[in-house]
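Summary of the model geometry
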Amino acid sequence: MMRKIRVKGQCFLAVVIFTAFLTGCGGEGERTQGAMQLIRDLDYRGALEQLDLAEENGENIRLVNRARGIACMGLTDYGQAAAFFEEAIAGSSGMVQNLDFDLNYYLAAAYTKNGRYNEAESIYDAILALRPNEEDAYFLRGNVRLVLGNDKGAKTDFDKVISMDAHNYDRLIEIYEVLDYYDYREDGQAYLRAALESGDKEMDKYASGRIYYYLGEYQNAYLDLEEARESGGVESYLYLGRAYEATGDYNYAVNVYNSYLENNQGNAEMYNQLGLCEMARGEYQKALEAFQTGMLLENTTMMQTLAFNEIVAYEKLGEYRQAYILMGNYLNNYPDDQQARREYEFLSTR
């Protein structure tokens, strides 16, 4: 029997880090700014070294600790990240500023990633007590409430998010993905069907195509997405290809992905999806080339996913020694990936 190895797509994680992740913050000193660039380049340890120098040079310590926390998040050291964010919050003058909200969002993300869900929920409660129109806080609190088994509370939060902007179909789909992740798919699909049946004239073919995709109505999905292909940009191509993949038409899906890459700048998620599709066709060398090309792009947030899938491609090609070496490097960068750790143990026997 052939051993199954799970490759990784660009999955939505229910414990998403707040959308401001990797952004700068006004008032940063030169070395802190440089550290933030290193973080964007995924050089987290280099960033921490720069931040030590920033502190020595007297740069704003709250922003230094904020950046330290973000770097530790990148290193998956969530306990230390939380400690840095707590220290930055403790340095407040007592007047609540935008930076305080920013830091609390980061702290809640660190708590969530560290399994401290009740504490994360309390932070979102506090944010909403001061800013009751913070859509992100309702959405992220809904995530945490699902983890805590409070599905009614999560639904209340998600209903609130949708009521605040009924035309935000990106967020609607995120809500579906969260519910699906925690085995509430039917509840997520109920939100999607309600949107389709609302008669919203602002819903374009790109939005309806994506909704049909998540409802499993793939023919309706690719009909709408074909129409939206040019206006929707890279995401419309990705969803269009995935809809064809879902019907088993991998050849046409490959054509969709390649047609985008031939006429547009390289996109890491597109290369990853192309690689996944080639894997499904059994074209492991082509899959490897797609993953490696995506890894060459600058400032990609897909590096972890691409690096893992590169290793799987080498395994599929029977190049176990190379896969073993790369997996060791991978685990140095992403030590909390348990799937990778199990795979490393398997590779050590080959």
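Shown above is the structure to which this text applies.
This text gives an overview of the structure that appears in the document.

Before going further, it helps to examine the overall build of the chain. Across its full length, the chain holds 19 helices and zero strands. Here the C-alpha radius of gyration of the chain, 22 Å, is about what a compact globule of 350 residues would show, namely 20 Å. Based on the C-alpha atoms only, the size of the chain along its principal axes is roughly 60 × 55 × 40 Å. Within the span of the chain, comprising 350 residues, buried residues form 49% of the whole.

Moving on to the pattern of salt bridges. Two side chains that carry opposite charge are able to pair once their charged atoms sit near each other. Throughout the structure, instances matching the rule amount to 23 salt bridges. As a salt-bridge pair, Arg66 and Glu28 come within 4.0 Å of each other at their nearest N and O atoms. Pair noted here: Arg66 is in helix α3 (residues 61–74) and Glu28 is in the segment before α1 (30–40), with a separation of 38 residues, a long-range link. Taken individually, Arg66 and Glu28 each receive the classification buried, so the pair is uniform in this respect.

Within the element layout of this structure, Glu319 appears in the loop between α17 (303–316) and α18 (320–333). Taking relative accessible area as the criterion, Glu319 reaches 37% and is therefore assigned partly exposed. Between the alpha carbons of Glu319 and Thr32 there is a distance of 42 Å; along the sequence they are 287 residues apart.

Let's shift gears to the packing of aromatic side chains. Counted by the stated rule, this structure contains 15 aromatic pairs. Taking the centre distance of 4.9 Å and the plane angle of 50 degrees together, the rings of Tyr330 and Tyr334 count as tilted. The buried category is assigned to Tyr330, whose relative accessible area is 3%. Classification of Tyr334 by relative accessible area gives buried; the value is 12%. Put simply, the rings of Tyr176, Tyr213, Tyr214, Tyr218 and Tyr239 touch in pairs and so form one group of aromatic residues. Of note, Arg350 hangs over the ring of Tyr320, and the distance from its end group to the ring centre comes to 4.2 Å.

About the cut-offs
Residues numbered from 1 in each chain as written. Predicted model: local features only at pLDDT ≥ 70, side-chain atom pairs only at ≥ 80, totals over all residues. Heavy atoms only, no water. Helix = DSSP H or I, 4+ residues; strand = E, 2+ residues; numbered from the N terminus. Rg over C-alpha atoms; globule rule 2.2 N^0.38 Å. Buried < 20%, exposed > 50% of the residue type's maximum accessible area, 1.4 Å probe, protein only. Salt bridge = Lys/Arg side-chain N within 4 Å of Asp/Glu carboxyl O. Phe/Tyr/Trp six-rings, centres within 6.5 Å; stacked < 30°, edge-to-face > 60°. Lys NZ or Arg CZ within 6 Å of the ring centre and 35° of its normal.

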